[in-house]
Amino acid sequence: MNQGSREQEVFQRIQEHLKAVDPQLDLSAIAPGASLSQQLGLDSLRLATLFDRIRQDNAGINLLPWFMNAARQGGDSLESLVTFMVKAGEQQQQQQSQQRAP
């Protein structure tokens, strides 16, 4: 994953949420390509808790499109989640800017 400043910030924030959801996780061993369900072993309850924490942190970002795509393709990696969140945040900022423009 190309670690731009925004991507790195989002990745670190997700790591914090992961640690809160599963205190047993070793954050130093969490690679960007790690699957939430396979390598990290998050079950549906812990995934739901993680998504809820992310939504609270990022009002207006809908994770459902990412989750549906990731579930179909088996691509529930941290990297894909970070990429989705960065793009969704950029789109949200653009929409807000357009709404404020006269």
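Residues numbered from 1 in each chain as written. Predicted model: local features only at pLDDT ≥ 70, side-chain atom pairs only at ≥ 80, totals over all residues. Heavy atoms only, no water.

Here the focus is the packing of aromatic side chains. All chains considered together, the criterion is met by two aromatic pairs. Geometrically, the ring pair formed by F51 and W66 is edge-to-face, given 5.9 Å between the ring centres and 85° between the ring planes. With F51 in helix α2 (residues 44-57) and W66 in helix α3 (residues 64-73), the pair connects residues that are 15 residues apart, well separated along the chain. Grouping residues by exposure puts F51 and W66 together as buried. (Phe/Tyr/Trp six-rings, centres within 6.5 Å; stacked < 30°, edge-to-face > 60°. Helix = DSSP H or I, 4+ residues; strand = E, 2+ residues; numbered from the N terminus. Buried < 20%, exposed > 50% of the residue type's maximum accessible area, 1.4 Å probe, protein only.)

Tracing the sequence through the fold places S35 in the loop between α1 (5-21) and α2. Only 2.9 Å separates the side chain of S35 from the backbone nitrogen of Q38, close enough to count as a polar contact. (Polar contact = N/O pair within 3.5 Å; in protein donor to acceptor, adjacent residues only side chain to side chain.)

Where α1 meets helix α4 (residues 78-100), the axes come as close as 9 Å, and the angle between the chain directions of the two elements is 120°. As far as their axial angle goes, α4 and α1 are oblique. Once α1 is placed against α4, the crossing between them reads as right-handed. Within the contact between the two elements, α1 uses R6, E7, V10, F11, I14 and L18 and α4 uses L78, L81, V82, M85 and V86. (Axes fitted to C-alpha atoms, helices over the stretch in contact; angles between N-to-C directions. Parallel < 35°, antiparallel > 145°, perpendicular 65-115°, else oblique. Left-handed = near helix turned anticlockwise from the far one by under 90°. Contact = heavy atoms within 4.5 Å.)

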